[in-house]
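Chains, contacts and geometry: an overview
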Amino acid sequence: NGTGLSPLTFILTGIPGVRMNSSWVALPLCCLYLLMLLGNCSLLWAIGTHRGLHTPMNHLLAMLALADLGLSLCTLPTVLAVSCSEPPELCLGACLAQMFFIHTFSAIESGVLVAMAFDRFVAICHPLRYSSILGGSLVGRAGGLIVLRAVSLVLPVAVLMHGMPFCGSRVLSHPFCLHQDMLRLLCGAPRVSSLYGLTAVLLTKGLDSLAILLSYVLILRAILSVVPREARAKAFGTCISHFCAVLIFYIPLIGLSIIHRFGKHLPPLTPTLLADAYLLIPPLLNLLVYSWKAKEIRGRIRILLCRR
């Protein structure tokens, strides 16, 4: 049956088989979000107030922290609502708005990771020209293009889905609204929305992953051409943080996309855990990875915590 004239709402769900509205679920989630928000805000404060950290790579790191903050704030209200009370309901407009912001910030994070890969490529393959290539306002213009690309590709997804009818169950598989999850609730065969969603993913994460892979192939070739082992170790060390951030972001993302399209026979717990890992883990682990590698950032964050 179609939705008719009744208000169109979606029911959010938590982890299958786990009773919600319990403190042992809500407390760890609250601590996780608190760490993400406090950590990324401290990272932005450290980069913004210390002139010694005003480098292209740290400016890109600040953009990554902003994208992580956006993802955290997008999912925080509904995730905590699911874990602290009965499964909440969201109207179509609110669900589409959350879906838009989640996928937009995800596309922004993917674009920032590409820009960081280019930064590492220039730093290792053309170290003498690093300041001239990445100097000036290039990083700011790149950030503007990354945001513009994300918004222009994700906005039509929400517009297309807004005008389509939903049938049958309105129960989502996650405590937040994702395009892949809402797509399965559409009436009939939503070919246009599905094809455009797939095209948007290929134009963002698909091309971005290929660009990152190409940059690392060139970086690896440049590193292997360096004869001294000490120089090789130092060059590899400059890429470890970024490489970890790429793995943290892309492995859950690719797994979630494959499961939603081809893994309908898998138990419901699998997509739920992958979605939680995709949206909740990178904002925290990115902070830990980059703070662990950068002594100056650790020092500035320690100063901020001591003042508090």
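Residues numbered from 1 in each chain as written. Predicted model: local features only at pLDDT ≥ 70, side-chain atom pairs only at ≥ 80, totals over all residues. Heavy atoms only, no water.

You'll find the protein chain entered in an unreviewed UniProt entry as Olfactory receptor, with Scytalopus superciliaris given as the organism. In UniProt, the protein chain has this text filed under Sequence similarities (unreviewed entry): "Belongs to the G-protein coupled receptor 1 family." (UniProt positions renumbered as here; feature names shortened; annotations may be inferred.)

Things to note about the pattern of salt bridges
Evaluated as defined, the whole model comprises three salt bridges. One salt bridge in this structure joins Asp-119 and Arg-120, with 2.6 Å as the shortest N-O distance. You can call Arg-120 buried: its relative accessible area is 11%. Salt-bridge contacts for Asp-181 lead to Arg-184; the nearest nitrogen and oxygen are separated by 2.8 Å. (Salt bridge = Lys/Arg side-chain N within 4 Å of Asp/Glu carboxyl O. Buried < 20%, exposed > 50% of the residue type's maximum accessible area, 1.4 Å probe, protein only.)

With respect to the packing of aromatic side chains
The geometry of an aromatic ring pair comes down to the distance between the two centres and the angle between the two planes. Enumeration over the complete set of coordinates arrives at seven aromatic pairs. With 5.0 Å between their ring centres and 80° between their planes, Phe-10 and Phe-166 make a pair best called edge-to-face. With Phe-10 in strand β1 (residues 9–11) and Phe-166 in the loop between α5 (138–162) and α6 (179–183), this pair connects stretches of sequence that are 156 residues apart. The residues Phe-10 and Phe-166 share a single accessibility class, namely buried. Centroid distance Phe-101 to Phe-105: 6.5 Å. Interplanar angle 25°. Geometry classified as stacked. Of this pair, Phe-101 and Phe-105 are both found in helix α3 (residues 92–125), four residues apart, which corresponds to roughly one turn of the helix. The partly exposed category is assigned to Phe-101, whose relative accessible area is 40%. Three or more aromatic residues joined by ring pairs form one cluster here, namely Phe-100, Phe-101 and Phe-105. (Phe/Tyr/Trp six-rings, centres within 6.5 Å; stacked < 30°, edge-to-face > 60°. Helix = DSSP H or I, 4+ residues; strand = E, 2+ residues; numbered from the N terminus.)

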